[in-house]
Amino acid sequence: MPKLIPDSKFFVDVVDDDLLCPICFNILHNAVSCKGGHSFCENCIILCLEQKQQCPMDRKKLYAVSLCNNRTVYNMVNKLLVRCQFY
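Quick caveat, the model's predicted, so the values are computed rather than measured.

**Student:** Quick question: what am I supposed to make of the sheet that holds strand 2 (residues 39-41) here?
**Tutor:** In a beta sheet, neighbouring strands pair by backbone hydrogen bonds and run either parallel or antiparallel. Taking strand neighbours across the sheet as the criterion, the three strands line up as 2-1-3 in an open arrangement whose pairing is antiparallel. Looking at which strands have only one partner, the edges of the open sheet turn out to be strand 2 and strand 3 (68-69). Across three bridges, the pairing between strand 1 (residues 31-33) and strand 2 is antiparallel. Bridging across to strand 2, serine 33 finds its partner in serine 39. Where helix 1 (residues 42-51) meets the sheet, its contacts fall on strand 1 and strand 2, and the angle it forms with strand 2 comes to roughly 95 degrees.

Dropping the structure here:
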């Protein structure tokens, strides 16, 4: 699957790769993390886990109940400066 880059015209600065979901390749939305420290969009990882109960990054067993919200990523994403749509 090709890596989609977030449309840079919407952001004032370059978006760090660490703030991109490794499943959908967009900005992390409602970021959750597994015990291995990998972060995903909540919806993306839930859909993946419906198919196979393993982390898509390291293939270790993973269950939805073991995911936890990643407040650090959430705060970093919310600090990104975005441009007005009429810019």
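**Student:** Hey, could you run me through the environment of glycine 37 in this one?
**Tutor:** Take glycine 37: it is sitting in the loop between strand 1 and strand 2. A relative accessible area of 52% means that glycine 37 is categorised as exposed. Distance from glycine 37 to asparagine 70, taken between C-alpha atoms, is 9.5 Å for residues 33 residues apart in sequence.

**Student:** Hey, could you run me through helix 1 in this one?
**Tutor:** In an α-helix, one full turn covers 3.6 residues, which means residues spaced three or four apart are oriented alike. Considered for burial, the residues of helix 1 that qualify are Cys44, Ile45 and Leu49. Considered in projection along helix 1, the buried side chains sweep an arc of 125 degrees and stay on one side of the axis. Along helix 1, the residues that are exposed and aim more than 90 degrees away from the buried face are Asn43, Leu47, Glu50 and Gln51. The elements touched by buried residues of helix 1 are strand 1 and strand 2.

**Student:** How should I be thinking about the nonpolar core in this particular structure?
**Tutor:** Soluble globular proteins: nonpolar side chains tend toward being buried together. One finds Cys21, Phe40, Ile45, Leu62 and Leu67 to be the most contacted residues of the largest nonpolar core, which totals 22 residues. Mapped by element, the contributors of at least two residues to this core are strand 1, strand 2, helix 1 and helix 2 (71-78). Top element by residues in this core is helix 1. It accounts for three residues. Residues contacting isoleucine 45, with those up to four places away along its chain left out, are Ile23, Val32, Phe40, Pro56, Leu62 and Leu67.

**Student:** How should the side chain of asparagine 70 be read in this particular structure?
**Tutor:** Residue placement: asparagine 70 occurs in the loop between strand 3 and helix 2. Judged by relative accessible area, asparagine 70 falls into the buried class, the value being 15%. Polar contacts involving the side chain of asparagine 70 include one to the side chain of serine 33, which spans 2.8 Å. A distance of 3.2 Å separates the side chain of asparagine 70 from the backbone nitrogen of threonine 72, its partner in a polar contact. With near-sequence residues (within four places) excluded, asparagine 70 lies in contact with Ala31, Val32, Ser33 and Ser39.

Cut-offs used in this document
Residues numbered from 1 in each chain as written. Predicted model: local features only at pLDDT ≥ 70, side-chain atom pairs only at ≥ 80, totals over all residues. Heavy atoms only, no water. Pairing = 2+ DSSP bridges. Helix = DSSP H or I, 4+ residues; strand = E, 2+ residues; numbered from the N terminus. Contact = heavy atoms within 4.5 Å. Axes fitted to C-alpha atoms, helices over the stretch in contact; angles between N-to-C directions. Buried < 20%, exposed > 50% of the residue type's maximum accessible area, 1.4 Å probe, protein only. Arc of directions from axis to C-beta. Core = buried A, V, L, I, M, F, W, Y, C linked by side-chain atoms within 4.5 Å. Polar contact = N/O pair within 3.5 Å; in protein donor to acceptor, adjacent residues only side chain to side chain.

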